[in-house]
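An overview of the molecular structure
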Amino acid sequence: MTNLVETYRGAIYPWHCDHMGHMNVMWYVGKFDEATWNLFAMIGVTTAFLKENRRGMAAVQQNITYKRELLAGDTITVRAGFIEVREKVAKFVHEMRHGVTGEVSAVCVLTGVYTDSQARKSCPFPPEIVERARGLVRAYELPTS
């Protein structure tokens, strides 16, 4: 296992599966998105925080590597960490694993930009958010198997 923090735990249901019988890509994206908001909450970027401060987050890049298929009835965990935190930008990784075997099913690397929701442009993260996020920075290498 990695030193990433758990951000999601769930199950694969039949309606998550496509005509080939495995979880469809749209559900990987959805589960990674849920994990993202749990990761952000850990550093203080919650819905309430964003509304109160008239701020937002914008995903500007997302890359998913699919390693093993998931089937209806499988359970999963997602673990995450920040790879890099800059003044206005956070790059982070999610690792989705099969809940029983521990095998990596998919890895998602995202880049998000902190935004002023009124001006509709990027702005600096508050220092306390940067500090908390940097506390979750992890070196990460994509699993080869």
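Note that the structure is a prediction, hence the values are computed from the model and not measured.

**With respect to the packing of aromatic side chains**
Summed over all chains, the structure comprises six aromatic pairs. Measuring from centroid to centroid gives 5.4 Å for Trp37 and Phe40, while their planes differ by 85°, and the two rings are edge-to-face. Taken together, the residues Trp37 and Phe40, both in helix α1 (residues 25-42) and three residues apart, mark about one turn of the helix. Consider the rings of Tyr114 and Phe125, whose centres lie 4.7 Å apart with planes at 25°: the pair is stacked. Taken together, the positions of Tyr114 in strand β5 (residues 104-116) and Phe125 in the loop between β6 (121-122) and α3 (127-134) put the pair eleven residues apart, joining distant regions of the chain. Like Tyr114, the residue Phe125 is buried in the burial classification. Feature note: the residues Trp37, Phe40, Phe82 and Phe92 constitute an aromatic cluster, connected by ring pairs.

**Some details on the pattern of salt bridges**
For the coordinates displayed, the defined rule picks out five salt bridges. With a shortest N-O distance of 3.0 Å, Glu103 and Arg68 are connected by a salt bridge. Separated by 35 residues along the polypeptide, Glu103 in the loop between β4 (89-98) and β5 and Arg68 in the loop between β2 (55-66) and β3 (75-85) bring together distant segments of the chain. Arg68 sits in the partly exposed class, given a relative accessible area of 35%.

**What to know about the environment of Thr111**
One can find Thr111 in strand β5. You can call Thr111 buried: its relative accessible area is 15%. In this structure the C-alpha to C-alpha distance between Thr111 and Gln62, which are 49 residues apart in sequence, comes to 6.6 Å. For Thr111, the residues in contact, after removing those within four places along its chain, are Ala58, Ala59, Val60, Gln61, Val89, Ala90 and Lys91.

**Comments concerning the nonpolar core**
With 33 residues, the main nonpolar core has Phe82 and Met96 as its most contacted residues. If you list the elements that add at least two residues to this core, you get α1, α2 (47-53), β3, β4, β5 and α3. Setting aside its immediate chain neighbours within four residues, Phe82 contacts Leu39, Phe40, Ile43, Ala90, Lys91, Phe92, Ala133, Leu136, Val137 and Arg138. In terms of nonpolar packing, the next biggest core, distinct from the first, is built from five residues, Leu4, Val93, Val107 and Tyr140 among them.

**Some details on α3**
Listed in full, the buried residues belonging to α3 are Ile129, Val130 and Ala133. For α3, the arc enclosing every buried residue in end-on projection is 100°, short of the 170-degree limit, so these residues lie on one face. Opposite the buried face of α3, at more than 90 degrees from it, the exposed residues are Pro127 and Glu131.

How each quantity is defined
- Residues numbered from 1 in each chain as written.
- Predicted model: local features only at pLDDT ≥ 70, side-chain atom pairs only at ≥ 80, totals over all residues.
- Heavy atoms only, no water.
- Phe/Tyr/Trp six-rings, centres within 6.5 Å; stacked < 30°, edge-to-face > 60°.
- Helix = DSSP H or I, 4+ residues; strand = E, 2+ residues; numbered from the N terminus.
- Buried < 20%, exposed > 50% of the residue type's maximum accessible area, 1.4 Å probe, protein only.
- Salt bridge = Lys/Arg side-chain N within 4 Å of Asp/Glu carboxyl O.
- Contact = heavy atoms within 4.5 Å.
- Core = buried A, V, L, I, M, F, W, Y, C linked by side-chain atoms within 4.5 Å.
- Arc of directions from axis to C-beta.

Spatial relationships are all this shows, so hold off on functional conclusions.
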